[in-house]
Amino acid sequence: MGCVWPSCGAVCYPGTHPKVTTMKNIERFRCQLKSLGFSYDWDREISTTEPEYYKWTQWIFLQLLKRGLAYQAEVPVNWCPALGTVLANEEVVNGVSERGGHPVVRKPMRQWMLKITAYADRLLEDLDELDWPESIKEMQRNWIGRSEGAEMEFPVLDLNGNDQGLKLTVFTTRPDTIFGAMYLVIAPEHVLLPRLVSEPQSTSVEEYIGQASMKSELERTELQKEKTGVFSGSYARNPATGEAIPIWVADYVLGSYGTGAIMAVPAHDSRDYEFAMKYDIPVRWVVAPEDTSCNKTGEAYSGEGIMINSSSAASGLDINGFPNKEAANKVIGWAESTGHGKKKVNYKLRDWLFARQRYWGEPFPVIFLDDTGEIAPLPDSELPLTLPELDDFAPTGTGEPPLAKALNWVKIIDPVSGNPATRETSTMPQWAGSCWYYLRFMDPKNSKALVDKSKEMYWGPVDIYVGGAEHSVLHLLYARFWHKVLYDIGIVSTKEPFQCLINQGLILGEVEYTICRDAEGQLVSVDSSGAASEFSQGRVPEEKVMKSGDSFVLKDNPSIRVIARAHKMSKSRGNVVNPDDVVSEYGADSLRLYEMFMGPLRDSKPWSSSGIEGVHRFLGRTWRLIVGSPLPDGSYEDGTVVTDDKPTLEQLRSLHKCIAKVSEEIQETRFNTGISAMMEFINAAYKWDKQPRSIIEPFLLLLSPYAPHLAEELWSRLGHSASLAYEPFPEAQAEFLEETLVVLPIQINGKTRGTIQVEKTCTGDEALKLASLDEKLARYLAGRTIKKSIYVPGRILNVILEQPKVAR
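Every value quoted in this text rests on a predicted model; they were computed, and no experiment measured them.

Criteria and thresholds
- Residues take numbers from 1 onward in each chain, read along the sequence in its written order.
- Given that the model is predicted, a residue must reach a pLDDT of at least 70 before its local features are reported, and side-chain atom pairs must reach 80 or more before they are shown or counted; all residues, however, enter totals for whole chains, interfaces and linings.
- Only hydrogens and water are set aside; all other atoms, that is, all heavy atoms of the structure, feed into the side-chain values.
- Think of it in three bands: residues with accessible area under 20% of the maximum for their type are buried, residues over 50% are exposed, and the middle band is partly exposed, with areas taken using a 1.4 Å probe on protein chains only.
- Secondary structure is summarised from DSSP: a helix means a run of H or I of at least four residues, a strand means a run of E of at least two, and numbering begins at the N terminus for each.
- Two strands qualify as a pair provided that DSSP identifies no fewer than 2 bridges between them.
- The convention used is that axes are lines fitted to C-alpha atoms, helices contributing only their stretch in contact, and that angles between N-to-C directions extend from 0 to 180 degrees.
- Contact criterion: two residues are considered in contact whenever any of their non-hydrogen atoms come within 4.5 Å of each other.
- Any two of the Phe, Tyr and Trp rings considered here, Trp counted by its six-membered ring, make a pair once their centres fall within 6.5 Å; the pair's planes then place it as stacked at under 30 degrees, edge-to-face at over 60, or tilted in between.
- Think of it as a cone above the ring: NZ of Lys or CZ of Arg counts as a charge over the ring if it is within 6 Å of the ring centre and within 35 degrees of the ring normal.
- The length a helix should cover is 1.5 Å for every residue beyond the first.
- Every angle not falling under 35 degrees, over 145, or within 65 to 115 is termed oblique; those three ranges are roughly parallel, roughly antiparallel and roughly perpendicular.
- Only Asp, Glu, Lys and Arg are considered charged in this grouping, and only Ala, Val, Leu, Ile, Met, Phe, Trp, Tyr, Cys and Pro are considered nonpolar; every other residue, Gly among them, is considered polar.
- We treat Lys and Arg as the positive residues and Asp and Glu as the negative residues; His and chain ends play no part in the count.
- A carboxyl oxygen of Asp or Glu within 4 Å of a side-chain nitrogen of Lys or Arg is what we treat as a salt bridge.
- Any pair of N or O atoms that falls within 3.5 Å is considered a polar contact. Within protein, one atom must be able to donate a hydrogen and the other to accept it, and sequence-neighbouring residues count only if both atoms are side-chain atoms.
- By nonpolar core we mean a set of buried residues, namely Ala, Val, Leu, Ile, Met, Phe, Trp, Tyr and Cys, connected to one another through side-chain atoms within 4.5 Å.
- The crossing is said to be left-handed when, going from far helix to near helix, the turn is anticlockwise and less than a right angle, and right-handed when the turn is clockwise.

Colleague: Please explain the pairing of strand 11 (residues 244-249) as it appears in this structure.
Modeller: Along a regular strand, successive side chains alternate from one face of the sheet to the other. The buried count for strand 11 comes to five of six residues, which makes it a mostly enclosed element. As defined by bridge partners, strand 9 (residues 183-186) adjoins strand 11 across three bridges and the pair is classed as parallel. Within strand 11, the position partnered with Val 185 by the bridge is Trp 248. Where strand 10 (residues 230-237) meets strand 11, five bridges bridge the pair, whose relative direction is antiparallel. Across the sheet, Val 230 pairs through a bridge with Val 249, a residue of strand 11.

Colleague: Would you take a moment to explain the sheet that holds strand 21 (residues 411-413) for this structure?
Modeller: Here we have four strands laid out as an open sheet, ordered 20-19-22-21, and antiparallel in their pairing. Of all the strands in the sheet, just strand 20 (375-377) and strand 21 have a single pairing partner and so form its edges. Each adjacent strand pair in this sheet contributes to an overall mean axis angle of 40°, direction not counted. Where strand 19 (residues 366-369) and strand 22 (residues 420-423) come together, three bridges link them in antiparallel fashion. When the bridges of strand 22 are listed, Ile 367 appears paired with Arg 423.

Colleague: Would you mind showing me how to read the environment of Tyr 487 here?
Modeller: When you line up the elements, Tyr 487 lands in helix 14 (residues 475-488). In contact with Tyr 487, other than residues within four places in its own chain, are Arg 122, Val 492, Ser 493, Thr 494 and Lys 495.

Colleague: When you look at the sheet that holds strand 2 (residues 70-80) in this model, what are you seeing that I'm missing?
Modeller: The pairing of strands in a sheet happens through backbone hydrogen bonds and is either parallel or antiparallel. Here four strands make up an open sheet; going across it, the order is 3-2-6-18 and the pairing antiparallel. Lying at the two open borders of the sheet, with one neighbouring strand each, are strand 3 (85-87) and strand 18 (352-353). Looking at chain direction, strand 2 and strand 3 are connected through three bridges and run antiparallel. Directly across from Cys 80, in strand 3, lies its bridge partner Thr 85. Packing of helix 2 (residues 51-66) onto the sheet brings it into contact with strand 2 and strand 6 (105-114), and relative to strand 6 it is tilted by some 90°.

Colleague: Is there a simple way to explain the packing of aromatic side chains in this structure?
Modeller: A complete count under the given rule lists 35 aromatic pairs for this structure. For the ring pair Trp 112 and Phe 364, a centre distance of 5.6 Å and an interplane angle of 20° mean the geometry is stacked. Here Trp 112 is found in strand 6, whereas its partner Phe 364 is found in the loop between strand 18 and strand 19, with 252 residues between them in sequence. Ring centres of Tyr 359 and Phe 393 lie 6.1 Å apart, and the angle between their planes is 25°; on these two criteria the pair is classed as stacked. You can see Tyr 359 sitting in the loop between strand 18 and strand 19 and its partner Phe 393 sitting in the loop between strand 20 and helix 10 (407-410), a full 34 residues away along the chain. Here Lys 107 stacks its cationic end above the ring of Trp 79, 4.8 Å away from the centre of that ring. Over the ring of Tyr 686 we find Arg 621; its NZ or CZ atom is 4.4 Å from the centre of that ring.

Colleague: Whenever I open this one, the pairing of strand 8 (residues 163-172) confuses me. Can you help?
Modeller: Pairing of strand 7 (residues 147-157) with strand 8 involves seven bridges; the strand directions are antiparallel. Within the sheet, the bridge partner assigned to Pro 155 lies in strand 8 and is Lys 167.

Colleague: Hey, could you run me through helix 18 (residues 649-667) in this one?
Modeller: Think of an α-helix as 3.6 residues a turn; residues three or four steps apart then line up on the same face. For helix 18, which comprises 19 residues, the first-to-last C-alpha distance of 27 Å matches the rise-based estimate of 27 Å (1.5 Å per residue) to within 8%. Considered for burial, the residues of helix 18 that qualify are Gln 651, Leu 652, Arg 653, Ser 654, Leu 655, His 656, Cys 658, Ile 659, Val 662 and Glu 665. In this fold, the buried residues of helix 18 make contact with helix 19 (671-685), helix 20 (693-703) and strand 34 (751-759). Looking one or two places after helix 18, you find Thr 669, whose phi comes out positive at around 55°.

Colleague: Mind showing me how you'd approach unusual backbone geometry here?
Modeller: Of note, the bond from Leu 383 into Pro 384 is cis; its omega dihedral lies within 30 degrees of zero at 0°. Tracing the sequence through the fold places Pro 384 in the loop between strand 20 and helix 10. Cis geometry marks the peptide bond from Gly 460 to Pro 461, where omega comes out at -10°. Mapping Pro 461 onto the fold places it in the loop between helix 13 (453-459) and strand 23 (462-466). Positioned with a positive phi, Asn 749 is a non-glycine residue whose angle comes to about 55°. Within the secondary structure, Asn 749 sits in the loop between strand 33 (741-748) and strand 34.

Colleague: Looking at this structure, how should I read the packing of helix 2 against helix 14?
Modeller: A packed helix pair is summarised by two numbers, namely the angle formed by the two axes and the spacing between the axes. Two elements in contact, helix 2 and helix 14, have axes whose closest approach is 11 Å; the angle formed by their N-to-C orientations is 70°. Considering the angle they form, helix 2 stands roughly perpendicular to helix 14. Contact residues: helix 2 offers Thr 57, Ile 60 and Leu 64, while helix 14 offers Phe 481, Trp 482, Val 485 and Leu 486. Residues that form the contact of helix 2 with helix 14 fall into these classes: six nonpolar, one polar and no charged.

Colleague: Just checking my understanding: could you explain the side chain of Asp 589 for this structure?
Modeller: Checked against the element boundaries, Asp 589 lands in helix 16 (residues 588-597). Although Asp 589 lies buried, it forms no salt bridge, and the closest oppositely charged side chain, Arg 592, sits 4.7 Å away as judged by the N-O distance. A distance of 2.8 Å separates a polar atom in the side chain of Asp 589 from a polar atom in the side chain of His 709. Among the polar contacts made by the side chain of Asp 589, one reaches the main-chain amide nitrogen of Leu 710 at a distance of 2.6 Å. When near neighbours in sequence (up to four residues on either side) are disregarded, Asp 589 contacts Leu 619, Tyr 706, Ala 707, Pro 708, His 709 and Leu 710.

Colleague: Would you take a moment to explain the nonpolar core for this structure?
Modeller: What tends to happen in soluble globular proteins is that the nonpolar side chains get buried as a cluster. Formed by 57 residues in total, the largest nonpolar core has its most connected members in Phe 61, Trp 352 and Trp 482. In contact with Trp 352, other than residues within four places in its own chain, are Trp 112, Met 113, Leu 114, Ile 116, Pro 429, Trp 431, Cys 435, Tyr 478, Phe 481 and Trp 482. Within the second largest apolar cluster, 50 residues are counted, among which are Ile 186, Leu 192, Val 230 and Phe 231.

Colleague: Could you clarify how one ought to interpret the packing of helix 19 against helix 20 in this entry?
Modeller: The interhelical angle for the contact between helix 19 and helix 20, taken along N-to-C directions, is 155°, at an axis separation of 11 Å. Looking at the two axes, helix 19 sits roughly antiparallel to helix 20. In the packing of helix 19 onto helix 20, the handedness of the crossing is left-handed. For the pair helix 19 and helix 20, the contacting residues are Met 678, Phe 681 and Ile 682 in the first and Ile 695, Phe 699, Leu 702 and Leu 703 in the second. For the contact of helix 19 with helix 20, the class distribution of residues is seven nonpolar, no polar and no charged.

Colleague: Which parts of the structure should I look at to understand helix 2?
Modeller: A rise of 1.5 Å per residue sets the reference length of helix 2, with its 16 residues, at 22 Å; its end C-alpha atoms lie 22 Å apart and thus fit the reference within 8%. Counting buried positions along helix 2 yields 12 of 16 residues, so the element is predominantly enclosed. Where helix 2 is concerned, the buried positions are Tyr 53, Tyr 54, Trp 56, Thr 57, Gln 58, Trp 59, Ile 60, Phe 61, Leu 62, Gln 63, Leu 64 and Leu 65. Where helix 2 ends, the next residue or the one after it, Gly 68, has phi of about 70°, a positive value.

Right, here's the structure in full:
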């Protein structure tokens, strides 16, 4: 079973009901897919927006809820006051909304969460069993981010060193460096921060929290070059040293990762070292490299080594002289025995925020009892819970979802207790329905179950999944999580949904040619990797450019290198190729064939109008080979020029060589080289006097997956009333694949004068005859008497000529 999940690319109609927009886009996609001749089973078409489909999305959510894998929590979200809605991380760029450029802040809101972290280890371990690109598996491993370490507890002190009765828990992967912990850092959103801020520091901390709320998590971590922070006004006691160390607030620590607090060891962490240098915090080296003296100035040392400065009689911990890995285990043992901490496995993976404050999404099948606030799941008999019809489905602007406007739908009576209740007004995210759609293709009309058990066992798992790498840690990770839950409850029979994954490359826009000019307007040569941004740039048409070695130059001035680069298709660049236009001009088969001929499936490659013209000509040659030349008026005779003659050995070899190559390249998804093999076949076929049916028909079956419309038409012209789609795919016969031709050197009077191609079984007389027919060799043999010939089969033919008589 194969599976393709296309990117959306939908057209939006502002002010139009989302259902109308969705239906228009579905119809548009359907027409495009059918025009291209994709071999989909349209009886299995599904829409994740239809109630009969999302009934089962809601049912899966209820299974998650029953198992404690769905819960509500107060979490920080991207809130855009101007748009009045919560935005996904991908919709926030440099602290503003992607749409409109409005400021976005981080604010806590009560949201539905899915406990994907409960499956972190299984999601990690089962990657090894998948036939996926290693880069995608590594992205998921890094996203899950499993790390082993320890949670350590630091008692909180006030400015005078008095114990405040609080403890800060930190997670560290380097418990061996606890003697070097010179300060703590907590996230701006840490739950204990309000209790840690001293009066003198309250204004500074409040301003800093406001600044941090304007940044995305990505901007706070990976993108932020300079680390910033502010002193909280409180201290903590390092349990190993007994020293009071300051507690700082810094936005490079995230409240959603670990405990939201870290112990900072500036001597052995470059980030902590930069921070300590900036804010004049002391540094203590506690790990010395084994092969050199410890460098105590200039930079942090994060490698392995021997512990130093790591002993305290007061705490009873002494790890001096131990290798750091052994020391880490000793620190964990000491922490557990003294109550200062414990061994801990942590993950970067965070629970999945599973709610959106919008109208168009799956309603949550739960209610909240008004008198107790208790969450009550709807019984299965109440599914699907459908969306109410709304005339005003725009965001409320207050954070309240649009569904809150449907009061008659929101306020209900609990069918179980008979008490007043309120529906959930958030909806599920766009990922919900796509987490399990592949299962519904197996059994799309089933109203009694998500998927019939026997059908799932027959069809599953998906053998090949073709999709973009951009889904690596979103859709693919979410689908794996849901599938494992369904596996645990006996709905599916496999641990993983997609056995093999292929990432198709992007089709880029046509290559753009750019020249650069300096401040005086003079042309300058700049490589695409050079400082092109320093100069003014301008586009030049392709006809004014030529290739020179590995570069492109101006035809009129070859000393000027031209930047040649293909960009991702986008409306803003004006380089989008509309498939409808290509189909209209060249036909659907030309578009299909060219996309596969451009290069390997997994590679990104630029579009080229001249390239599609090339494959269009190939299809035209194929048509004329089989149908014949056009009549004077441009039309063609009915039928074909194919004969019922017995094929020659040469024709059979040419066909079966093509069958073997195309079959292998389809299996390995090297479609471009499979097309090249068919082009070679057509070139060879044009040299034949006749086109036997037993040769042409198998070739059309090879061509049909690539160019189904042309192949079907030619199949019909050959006299077949049924579609070729139901014909068995040709198989190469080994007897015609063996190479039987050899290159035979020809010597004349002991000197090699040329070569000829002969069959391995060729006799000496046959070889001599072929040599005499060769244009080059015939010059040496013409008018001469052959005295004898020496033939070594498959090795050499030496022709001895009588010496001409010398006149006396």
